[in-house]
Amino acid sequence: MSKYNKLAGKHVLCIGGTKGLGRGTAEASIEAGARVTIAGSSQRSADAAVAEIKALYPSAAIAGFGCDLSQDTVEADLEGLFDKAGGDVDHVVFTAADALTISGLQDLTPDVIRRAGHMRQVVPMMVGKVAARRLPRSRESSLTLSTGGIADQPRAGWSLMAYVANGIVALTRNLALDLAPVRVNAVEPGFVDTELWKDLAPQAKADMMQAIADSVPTGAVGRVEDVAEAYVYLMKDRNATGEIVKTRSGAQLV
Ligand SMILES: NC(=O)c1ccc[n+]([C@@H]2O[C@H](COP(=O)([O-])OP(=O)(O)OC[C@H]3O[C@@H](n4cnc5c(N)ncnc54)[C@H](OP(=O)(O)O)[C@@H]3O)[C@@H](O)[C@H]2O)c1
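Residues numbered from 1 in each chain as written. Predicted model: local features only at pLDDT ≥ 70, side-chain atom pairs only at ≥ 80, totals over all residues. Heavy atoms only, no water.

Undergrad: Any chance you could explain the overall build of the protein chain here in plain terms?
TA: Across its full length, the protein chain holds seven helices and seven strands. Reading the secondary structure of the protein chain in the N-to-C direction produces β-α-β-α-β-α-β-α-β-α-β-α-α-β. Taking 2.2 N^0.38 as the reference for a compact globule, 254 residues should give roughly 18 Å; the C-alpha atoms of the protein chain span a radius of gyration of 17 Å, in line with that estimate. In terms of overall dimensions, the protein chain has a C-alpha envelope of 50 × 35 × 35 Å along the principal axes. Here the protein chain, with 254 residues, has 49% of them falling under the buried criterion. Total accessible area on the protein chain is roughly 12,200 Å²; 53% of this is exposed by carbon and sulfur atoms. (Helix = DSSP H or I, 4+ residues; strand = E, 2+ residues; numbered from the N terminus. Rg over C-alpha atoms; globule rule 2.2 N^0.38 Å. Buried < 20%, exposed > 50% of the residue type's maximum accessible area, 1.4 Å probe, protein only. Areas by Shrake-Rupley, 256 points an atom, 1.4 Å probe, with all protein chains shown as cover.)

Undergrad: Looking at this structure, how should I read the packing of helix 3 (residues 74–85) against helix 4 (residues 110–134)?
TA: Axis angle and axis distance: for two packed helices, these are the angle between their axes and the distance between the axes, and together they describe the pair. In the contact formed by helix 3 and helix 4, the axes pass within 9 Å of each other and the chain directions differ by 45 degrees. Relative to helix 4, the element helix 3 lies oblique. The interaxial crossing formed by helix 3 with helix 4 has right-handed handedness. For the pair helix 3 and helix 4, the contacting residues are Val-74, Glu-75, Leu-78, Glu-79, Phe-82 and Asp-83 in the first and Val-122, Val-123, Met-126, Val-127, Lys-129, Val-130, Ala-131, Arg-133 and Arg-134 in the second. Here the residues of the contact of helix 3 with helix 4 are counted per class, giving nine nonpolar, no polar and six charged. (Axes fitted to C-alpha atoms, helices over the stretch in contact; angles between N-to-C directions. Parallel < 35°, antiparallel > 145°, perpendicular 65-115°, else oblique. Left-handed = near helix turned anticlockwise from the far one by under 90°. Contact = heavy atoms within 4.5 Å. Nonpolar A, V, L, I, M, F, W, Y, C, P; charged D, E, K, R; others polar.)

Undergrad: Looking at this structure, I do not really get the site of the ligand. What am I missing?
TA: Neighbouring residues of the ligand: 28 residues in total, closest Thr-18, Lys-19, Ser-41, Ser-45 and Thr-194. Within the backbone of Gly-16, an N or O atom sits 3.1 Å from an oxygen atom of the ligand. Contact between the ligand and Thr-18: an oxygen atom at 2.6 Å from a side-chain N or O atom of the residue. When the ligand is considered free in solution it has 910 Å² of accessible area, and contact with the protein chains removes 88% of it. Among the secondary structure elements, those contributing two or more residues to the shell around the ligand are helix 1 (20–31) and helix 4. For the shell around the ligand, the residue count by class is eleven nonpolar, 13 polar and four charged. (Near = heavy atom within 4 Å. Polar contact = N/O pair within 3.5 Å; in protein donor to acceptor, adjacent residues only side chain to side chain.)

Undergrad: How do you make sense of unusual backbone geometry when you look at a structure like this?
TA: Excluding glycine, residues mostly carry a negative phi; peptide bonds, for their part, are mostly trans. Going from Ala-180 to Pro-181, the amide bond is cis rather than trans, its omega being 10 degrees. Tracing the backbone shows Pro-181 in the loop between helix 5 (159–178) and strand 6 (183–189). Phi angles above zero are rare outside glycine, and Ser-249 is one such case at about 60 degrees. Within the secondary structure layout, Ser-249 lies in the segment after strand 7 (244–247).

Undergrad: Sorry if this is basic, but what is going on with the pattern of salt bridges here?
TA: Pairs can form between side chains of opposite charge whenever their charged atoms are close. For the structure shown, the criterion picks out 17 salt bridges. Residue Arg-133 is joined to Glu-79 by a salt bridge in which the shortest nitrogen-to-oxygen separation is 2.6 Å. Placement of the pair is Arg-133 in helix 4 and Glu-79 in helix 3, with a sequence separation of 54 residues. In this structure, Arg-134 engages Glu-79 in a salt bridge whose closest nitrogen and oxygen atoms are separated by 2.7 Å. Placement of Arg-134 in helix 4 and of Glu-79 in helix 3 is noted, with a sequence separation of 55 residues between them. We classify Arg-134 as partly exposed; its relative accessible area is 23%. Each of the salt bridges in this network shares a partner with another, and the network as a whole consists of Glu-75, Glu-79, Asp-83, Lys-129, Arg-133 and Arg-134. (Salt bridge = Lys/Arg side-chain N within 4 Å of Asp/Glu carboxyl O.)

Undergrad: Looking at this model, I keep getting lost on the side chain of Ser-141. Mind explaining?
TA: For Ser-141, the position within the fold is in the loop between helix 4 and strand 5 (142–146). Here Asp-90 takes part through its backbone oxygen, which lies 3.0 Å from a polar atom of the side chain of Ser-141. If sequence neighbours within four positions are ignored, Ser-141 has contacts with Asp-90, His-91, Leu-135, Pro-136, Val-182 and Arg-183.

Undergrad: Would you mind showing me how to read the sheet that holds strand 3 (residues 62–66) here?
TA: Strand-to-strand pairing in sheets goes through backbone hydrogen bonds, with the strands running parallel or antiparallel. Taken together, seven strands build an open sheet; the order of strands is 3-2-1-4-5-6-7 and the sheet is parallel. Every interior strand has two partners, whereas the edge strands, strand 3 and strand 7, have only one. Taking each pair of neighbouring strands and ignoring which way they run, the sheet shows an average axis angle of 15 degrees. Those strands touched by helix 7 (residues 224–236) are strand 1 (11–15), strand 4 (91–94), strand 5, strand 6 and strand 7, and its axis lies near 165 degrees from that of strand 6. (Pairing = 2+ DSSP bridges.)

Undergrad: Could you clarify how one ought to interpret the pairing of strand 1 in this entry?
TA: Each regular strand carries side chains that alternate between the two faces of the sheet. In terms of residue burial, strand 1 counts as a mostly covered element, since five of its five residues are buried. Residues His-11, Leu-13 and Ile-15 of strand 1 are buried on one face, and the alternating residues Val-12 and Cys-14, pointing to the opposite face, are buried as well. The sheet contact formed by strand 1 and strand 2 (residues 35–40) spans five bridges and is parallel. Within strand 2, the residue paired with Ile-15 across the bridge is Ala-39. Pairing between strand 1 and strand 4: four bridges, direction parallel.

This is the structure we're talking about:
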């Protein structure tokens, strides 16, 4: 076994691995010699992502499953996903997310808050609960959640997203005790050009990404292949638990 290539031969389950940061983490894990299972909201999107990944990495050990996490059956749905993955998962990476809720405070209603909270509060907690039963009880195993730069940097109109992003930070730290010795960490990305922004009109999205690029020290929004390294790192470092790894173009400095 390699001293440093700790993902070789491991089984990584990327929930939200069909697109964006989860997809990047799946590809990086394959490059590191891991067996990978990805999950998306439907079998169709999982099959499409597996085909694309296979085209890039023909010898990859990869499987993909649909697992719609938007329902109140989420705990049973996650159990079913672990069953399909084969029951020998070493690392779970959770990046599944629906559209952001960015609106004026006066547009928020209890229903809007509850709906936004499902994927960003209910589901991560259930992922922690099911992972606690399914992962080997070892510091060799890990769960990595996703939060966002809004946890540290308030923005007008983002109160709800700041609320849930900080909830993930708190959840990560507490799950690190609940799941110990399994490690629990989170990645805090800044802006990354992924499908998360697909609801924006193309020009509005391009303008937003350019404005961010112009304002940050790196001169660029995050790229999936860079931010995915944070997820890989947290799987590999057996000394890291309860940590929030930040990768955000230096946006915190300006
Ligand atoms: N991108 C950014 O700028 C940014 C910044 C800060 C924080 N983050 C956070 O980083 C995480 C990953 O974001 P991303 O940019 O990678 O997002 P993304 O590209 O939009 O990918 C989202 C993933 O979630 C899955 N998903 C959506 N609805 C689902 C459902 N009902 N059930 C199961 N899976 C579902 C999608 O699967 P399908 O494609 O199969 O539907 C897809 O794989 C999120 O927590 C996000 O809030 C992102």
